[in-house]
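# Residue-level structure breakdown
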Amino acid sequence: RKHQEVLAMHFVKMEGCGNDYIYLTEKEAISNPQALARKISDRHFGVGADGMILDLPVGYRQYCRMEMYNADGSRAVCVETAYAVWHDICTTINR
């Protein structure tokens, strides 16, 4: 039997206009986000989603920096998901 790595992480699954994305706020760098997007988005063996969003560390004068990936690991752009992330940021800032 092949040894499998167990990965524990905190995530939020967001849905907007029929698209569901897994939102990760990992402080550690993810070495291969494309592979992680494929694994975590799998609806049979993963969490199941249309893709994954990484909330990345920000630089000087930045409020938000993110990368989005489709379930197949390719880069994504989704307005509904960007809105959900922006809402999360505004909620955090106004606390």
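This write-up is about the structure you can find in this document. Since the structure is predicted, the reported quantities are computational estimates derived from the model, not experimental observations. Think of each chain on its own: its residues are numbered from 1, step by step along the sequence as written. The model is predicted, so local features are restricted to residues of pLDDT at least 70 and side-chain atom pairs to those at 80 or more, both for listing and for counting; the totals for chains, interfaces and linings are taken over all residues. Hydrogens and water molecules were not included; the side-chain quantities draw on all heavy atoms of the structure.

## Some details on the pattern of salt bridges
How we decide: Criterion for a salt bridge: a side-chain nitrogen of Lys or Arg within 4 Å of a carboxyl oxygen of Asp or Glu. Relative accessibility decides the category of a residue: with a 1.4 Å probe and only protein chains considered, values under 20% of the type maximum give buried, values over 50% give exposed, and everything between is partly exposed. Helix and strand assignments come from DSSP, with helices taken as H or I runs of at least 4 residues and strands as E runs of at least 2, each series counted from the N terminus.
For the structure shown, the criterion picks out three salt bridges. A salt bridge links aspartate 20 to lysine 13; the nearest nitrogen and oxygen atoms lie 3.4 Å apart. Take aspartate 20: its relative accessible area is 10%, and that puts it in the buried class. Residue lysine 13 is classed as partly exposed on the basis of its relative accessible area, which comes to 40%. Residues arginine 43 and aspartate 20 are paired through a salt bridge, measuring 2.9 Å at the closest nitrogen-oxygen approach. Here arginine 43 is found in the loop between helix H1 (33-41) and strand S3 (51-55), whereas its partner aspartate 20 is found in strand S2 (residues 19-24), with 23 residues between them in sequence. Using a relative accessible area of 48% as the deciding quantity, one classes arginine 43 as partly exposed. One continuous salt-bridge network, built from bridges that share partners, spans Lys13, Asp20, Arg43 and Asp50.

## Some details on the sheet that holds strand S1 (residues 11-16)
Formally: Should DSSP find at least two bridges between two strands, the strands are regarded as paired. Here an axis means a line fitted to C-alpha atoms, over the contact stretch when the element is a helix, while the angle between two N-to-C directions is reported on a 0 to 180 degree scale. The contact criterion used throughout is that any non-hydrogen atoms of two residues lie within 4.5 Å.
Pairing within the open sheet is mixed, and its four strands lie in the order S1-S2-S3-S4. Looking at which strands have only one partner, the edges of the open sheet turn out to be S1 and strand S4 (66-70). Sheet twist, expressed as the average angle between the axes of neighbouring strands with direction ignored, equals 25°. Where S1 lies against S2, six bridges are found, and the strand directions are antiparallel. The residue bridging phenylalanine 11 from the neighbouring strand is leucine 24, located in S2. Sheet contacts for H1: S2, S3 and S4; angle to S3, the most-contacted strand, approximately 130°.

## Here's the deal with the nonpolar core
Rule in force here: For this analysis, a nonpolar core means a set of buried residues of the types Ala, Val, Leu, Ile, Met, Phe, Trp, Tyr and Cys, connected via side-chain atoms within 4.5 Å.
Counting eleven residues, the largest nonpolar core consists of Met9, Ile22, Leu24, Leu36, Ala37, Ile40, Ala49, Met52, Leu54, Leu56 and Tyr69. Among the secondary structure elements, those contributing two or more residues to this core are S2, H1 and S3. At three residues, H1 tops the list of elements feeding residues into this core. Leucine 54 has contacts with Leu24, Ile30, Pro33, Arg65, Met66, Glu67 and Tyr69, leaving out every residue within four places of it along the chain. Grouped together as the second largest cluster of nonpolar side chains are six residues, Tyr21, Tyr23, Ile53 and Met68 included.

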